[in-house]
Amino acid sequence: MKRIAIIDAHPDPDPERFGHALVSAYAHAAKEAGHEVREIRLAGKDIPILQSRSQWMDEPMPADVKPGQDAIKWAQHMVILYPLWMGDMPALLKAFIEQAFRPGFALSYEEDKRMPKKLLRGRSARLIVTMGMPAFFYRAYFASHSVRSFKRNILAMAGIDPVATSLIGNVDSSAKHRERWLKKMIAHGANGD
């Protein structure tokens, strides 16, 4: 059994958002299968953007970020769900990552080393990304650029590997399409992957 941190990064707290249903399906199935689960919902949280290196290095982390950071540190596997907005993650998720992945947590900088030490090794992740366009179009035309950047430049840089993805296109289409994806999330949750 795994310790799983689930970060619901949909900025809209409206419970009707399909992303929230996907997170709930995954979390419920994971708990039923015996996994330990911590859920963090970012909607409605006060997570300011960083405006300088000194803020990132020296200022205290906002209180709304600490539970998420604690869940990541505790977890063996992370699940991060977010909608694709303007081709990338929403600003709320980016602000959370910048605040949570501070020096000494995700990376350790040493003066005589070229690259920072990866402090989150031994963790895996799944990115669940919802979008209005067809997922195959995002993969083919946009080459999944923002998801690839998130995997390589943030998660892998901190040592999180492997990272699986679930790209869910046409989120506003049929109920049958949504039901198919809810069943996939139940399977992923039960497997802890």
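Residues numbered from 1 in each chain as written. Predicted model: local features only at pLDDT ≥ 70, side-chain atom pairs only at ≥ 80, totals over all residues. Heavy atoms only, no water.

Q: Break down the nonpolar core for me, citing the residues and quoting the values.
A: If you look at the biggest cluster of nonpolar residues, it comprises 41 residues, and the most contacted ones within it are Leu42, Tyr82, Leu93, Phe96, Phe101, Phe150 and Leu155. Looking at this core, the elements with two or more residues in it are strand S1 (3-8), helix H3 (66-74), strand S3 (77-83), helix H4 (91-100), strand S6 (124-130), helix H5 (135-142), helix H6 (145-156) and strand S7 (163-168). Broken down by element, the residue count for this core peaks at six residues, all from H4. Counting residues in hydrophobic clusters, the runner-up holds 18 residues, among them Phe18, Val37, Val79 and Ile168. (Core = buried A, V, L, I, M, F, W, Y, C linked by side-chain atoms within 4.5 Å. Buried < 20%, exposed > 50% of the residue type's maximum accessible area, 1.4 Å probe, protein only. Helix = DSSP H or I, 4+ residues; strand = E, 2+ residues; numbered from the N terminus.)

Q: Give me the lowdown on the pairing of S3, citing residues and values where you can.
A: Counted residue by residue, S3 has seven buried out of seven residues, so it is predominantly covered. Examined bridge by bridge, S1 and S3 share five bridges and lie parallel to one another. The partner of Asp8 across the bridge, within S3, is Leu81. Two strands pair when backbone bridges link them, and S3 and S6 are joined in this way by seven bridges, in the parallel orientation. The residue bridging Tyr82 from the neighbouring strand is Val129, located in S6. (Pairing = 2+ DSSP bridges.)

Q: Any details on H4? Residues and values, ideally.
A: Along H4, seven of the ten residues are buried, which leaves the element largely enclosed by surrounding structure. Structurally, H4 contributes buried residues whose contacts are with S1, H3, S3 and H6. (Contact = heavy atoms within 4.5 Å.)

Q: Which residues make up the pattern of salt bridges, and what values go with them?
A: If the charged atoms of two oppositely charged side chains come close together, the side chains can form a pair. All told, the structure shown has seven salt bridges when counted by the stated rule. The shortest N-O distance in the salt bridge between Arg41 and Glu39 comes to 3.4 Å. Assessed through its relative accessible area of 32%, Glu39 is described here as partly exposed. The salt bridge partner of Lys66 is Asp70, with a shortest N-O separation of 2.7 Å. With Lys66 and Asp70 both in helix H3 and four residues apart, the pair spans about one turn of that helix. On the basis of relative accessibility, which here comes to 39%, the residue Lys66 falls in the partly exposed class. Looking at Asp70, the relative accessible area reads 32%, which means it is partly exposed. (Salt bridge = Lys/Arg side-chain N within 4 Å of Asp/Glu carboxyl O.)

Q: If you had to explain the packing of helix H1 (residues 18-32) against helix H7 (residues 175-191) to someone new, which residues and values would you point to?
A: Look at H1 against H7: their axes get within 7 Å of each other, and the N-to-C directions meet at 35 degrees. Crossing of H1 against H7: the hand is right-handed. Seen from H1, the contacting residues are Phe18, Ala21, Leu22, Ala25, Tyr26, Ala29 and Ala30; seen from H7, they are Arg178, Trp181, Leu182, Met185, Ile186, His188, Gly189 and Ala190. Looking at the contact of H1 with H7 residue by residue, the classes come out as twelve nonpolar, two polar and one charged. (Axes fitted to C-alpha atoms, helices over the stretch in contact; angles between N-to-C directions. Left-handed = near helix turned anticlockwise from the far one by under 90°. Nonpolar A, V, L, I, M, F, W, Y, C, P; charged D, E, K, R; others polar.)

Q: How would you summarise the packing of aromatic side chains if you had to cite specific residues and measurements?
A: Counted according to the given criterion, the structure contains seven aromatic pairs. Centre to centre, the rings of Tyr138 and Phe142 are 6.3 Å apart; their planes meet at 35 degrees, and the pair counts as tilted. Pair noted here: Tyr138 and Phe142 are both in helix H5, with a separation of four residues, about one helical turn. For Tyr138, a relative accessible area of 1% translates into the label buried. Aromatic side chains Tyr141 and Phe142 sit 4.9 Å apart centroid to centroid with 90 degrees between the ring planes, which places their arrangement in the edge-to-face category. For Phe142, a relative accessible area of 31% puts it in the partly exposed group. (Phe/Tyr/Trp six-rings, centres within 6.5 Å; stacked < 30°, edge-to-face > 60°.)

Q: Before we move on, could you go through the sheet that holds S7 and cite the residues and values that matter?
A: Strand pairs in the sheet, formed through backbone hydrogen bonds, run parallel or antiparallel to each other. Within the open sheet, the five strands sit side by side as S2-S1-S3-S6-S7. Their pairing is parallel. Edge positions in the sheet fall to strand S2 (36-41) and S7, since each has one partner strand and no second. Strand-to-strand twist across the sheet, computed as the mean angle between neighbouring axes with direction ignored, equals 15 degrees. In this fold H6 packs onto S3, S6 and S7, with an angle of close to 150 degrees to the strand it touches most, S6.

Q: Quick one: what's the story with a nonpolar patch on the surface, residue by residue and with numbers?
A: On the surface, a cluster of nonpolar side chains totalling about 450 Å² of accessible area is made up of Phe136, Phe137, Tyr141 and Phe142. Relative to the assigned elements, Phe137 resides in helix H5. (Patch = residues over 30% accessible without salt bridge, like charges linked within 9 Å, V, L, I, M, F, W, Y side chains within 5 Å. Areas by Shrake-Rupley, 256 points an atom, 1.4 Å probe, with all protein chains shown as cover.)

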